[in-house]
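# Coordinate inspection notes
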Amino acid sequence: METALYELHNIRPNSHYEVRISYPATTPTSFDMEFLEPKSESTGTRDILNTEKIMFTTDSSGYIVGREQPKESKYYQVKATAKEAGVATDPSNPPHSSVVFNIVLETLLYGAPYELTKMVPVILGLVVLVFSIILPQVFPRVSGFKKLRD
């Protein structure tokens, strides 16, 4: 079992965040992630496929909603624990002693990663393309499409 501590830097006020762990599925490992002291109300944590994540919101002062301010350090700390979760297929080859994984602190916009907003123009362009060019060609006899083109 391995444990590592990570400090959350550059947290902005009035923002939504997620901290997540991502690792290769070829490494049979179970991860747990939690905030260190100060403990308060629990924040949402969930495990989806090979990703452990904690989602949280900051208030106008930049502190996490539902948690006290950090006392000893000026940063919040997250503890990640990795536990071996599989059975070795080859008994002569011992399991890996260390696990390679990534930790990401990402800003959310309406519950989705901020990077997703770059895809909105592409998606809108494809919708316009489908409704203005492709559908009238596929369904030329539908009267509603003729009226939209005229």
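Residues numbered from 1 in each chain as written. Predicted model: local features only at pLDDT ≥ 70, side-chain atom pairs only at ≥ 80, totals over all residues. Heavy atoms only, no water.

## Describing the pattern of salt bridges
Tallying each qualifying case throughout the model produces five salt bridges. Salt-bridge contacts for R20 lead to E106; the nearest nitrogen and oxygen are separated by 2.7 Å. Taken together, the residues span a long stretch of sequence, with R20 in strand 2 (residues 16-22) and E106 in strand 7 (residues 102-109) at a distance of 86 residues. A salt bridge links K79 to E34; the nearest nitrogen and oxygen atoms lie 3.2 Å apart. One end of the pair, K79, is in strand 6 (residues 76-84); the other, E34, is in strand 3 (residues 29-35), and 45 residues separate them in sequence. A residue is classified by how much of its surface remains accessible, and E34, at 33% relative accessible area, is partly exposed. (Salt bridge = Lys/Arg side-chain N within 4 Å of Asp/Glu carboxyl O. Helix = DSSP H or I, 4+ residues; strand = E, 2+ residues; numbered from the N terminus. Buried < 20%, exposed > 50% of the residue type's maximum accessible area, 1.4 Å probe, protein only.)

## Focus on the environment of D32
Secondary-structure assignment places D32 in strand 3. A C-alpha to C-alpha distance of 8.1 Å links D32 and K79, two positions 47 residues apart in sequence. Every residue in contact with D32, bar those within four places of it in the chain, is listed here: K79, A80, T81 and K83. (Contact = heavy atoms within 4.5 Å.)

## Points about the confidence of the model for the protein chain
Overall, the prediction assigns the protein chain a mean pLDDT of 77, with 76% of residues at 70 or greater. Element-level mean pLDDT values for the protein chain span from 52 in strand 4 (residues 44-48) up to 88 in strand 2. (pLDDT = per-residue confidence, 0-100.)

## With respect to the side chain of T81
With respect to the helices and strands, T81 occurs in strand 6. Not counting residues up to four positions away in its chain, the partners in contact with T81 are M1, E2, T3, S30, F31 and D32.

## Comments concerning the packing of aromatic side chains
A full pass over the atoms with the stated rule returns five aromatic pairs. On the numbers, 5.0 Å between centres and 65 degrees between planes, the contact of F31 with F101 is edge-to-face. Placement of the pair is F31 in strand 3 and F101 in the loop between strand 6 and strand 7, with a sequence separation of 70 residues. When the ring of F35 is compared with that of F56, the centres are 5.6 Å apart and the planes differ by 75 degrees; the resulting orientation is edge-to-face. Placement of the pair is F35 in strand 3 and F56 in strand 5 (residues 51-57), with a sequence separation of 21 residues. Each member of the pair, F35 together with F56, is buried. In textbook terms, an aromatic cluster arises when at least three aromatic residues are bridged by ring pairs, as seen for Y17, F35, F56 and Y76. (Phe/Tyr/Trp six-rings, centres within 6.5 Å; stacked < 30°, edge-to-face > 60°.)

## Let's talk about the nonpolar core
A general feature of soluble globular proteins is that nonpolar side chains tend to end up buried together. Formed by 17 residues in total, the largest nonpolar core has its most connected members in L8, I21, F31, M33, F35 and F56. With four residues, strand 6 is the single largest residue contributor to this core. (Core = buried A, V, L, I, M, F, W, Y, C linked by side-chain atoms within 4.5 Å.)

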